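Descriptive analysis of the structure
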Amino acid sequence: MARHSPAPICPYCNEPAGLLQGSTLYPGRIDLALKWFYRCGPCQAWVGCYPKTKKALGTPANWELRRARTILHERRIDPLWEGADECGAYDPESPKARRIIKNVARTRVYEYLAARMEIDVDECHTALFSIEQCREAWLILTNVKYPEIRQWAKRRRQKPRPDIPSPSPPS
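The text that follows walks through the structure, step by step, so that each part is easy to find. (Residues numbered from 1 in each chain as written. Predicted model: local features only at pLDDT ≥ 70, side-chain atom pairs only at ≥ 80, totals over all residues. Heavy atoms only, no water.)

1. Considerations on the pairing of strand β2 (residues 36-39)
- Inspection of the sheet shows strand β1 (residues 18-21) paired to β2 by 4 bridges, in the antiparallel sense. In the sheet register, L20 faces β2, and the bridge partner there is F37.
- Pairing of β2 with strand β3 (residues 46-48), which is carried by 3 bridges, proceeds in the antiparallel orientation. Counted as the bridge partner of R39 is W46 from β3.
- The antiparallel pairing of β2 with β3 creates a hairpin that spans 6 residues between the two strands, and Q44 there sits at a positive phi of about 65°. (Pairing = 2+ DSSP bridges. Helix = DSSP H or I, 4+ residues; strand = E, 2+ residues; numbered from the N terminus.)

See the structure below:
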């Protein structure tokens, strides 16, 4: 059974978006026909839902913002984590090992981006980004390679945490 969540508010006109199926937005796209979307009637901005739910992936977007989000994913975010298993830092022994590397890499890419954008990692999702945030993320990830993100993540883990006392030196 599909789960329902509150309708997202359109960032352009502040009206709640209406729920509809993909067959309305994408006539002829059989792969999207049964998926759920929220669309703002006045602005025609929309956002998809998580698979098999009626929970919005983010905020409704007009054509320009949807395009910016898509390009950011296709050209900056996804290539970083999708190629992590072939970056030279790993020697995966199986398809399962490759999947694990990619899953860890994806998390690291979003953590890195969130830290650089100075936002919470839970807010670091392109479906929540404004056009300005897409531009900021684009600039942050330009010329960044996954091994740099991997090293950043390792350095970050090595920093002492204030909630964990450091061991006392021997007397």
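Back to the text.
2. Here we look at the state of the cysteines
- Tallying each qualifying case throughout the model produces 0 disulfides.
- Cysteine C49 shares no disulfide, and the gap to the nearest cysteine sulfur, in C40, comes to 15 Å.
- Relative accessible area serves as the criterion here: at 11%, C49 is assigned to the buried category. (Disulfide = S-S within 2.5 Å. Buried < 20%, exposed > 50% of the residue type's maximum accessible area, 1.4 Å probe, protein only.)

3. Focus on the sheet that holds β2
- Overall, antiparallel pairing links the 3 strands, which are arranged β1-β2-β3 in an open sheet. Here the strands that pair on one side only, and so sit at the sheet edges, are β1 and β3. Taking each pair of neighbouring strands and ignoring which way they run, the sheet shows an average axis angle of 30°. (Axes fitted to C-alpha atoms, helices over the stretch in contact; angles between N-to-C directions.)

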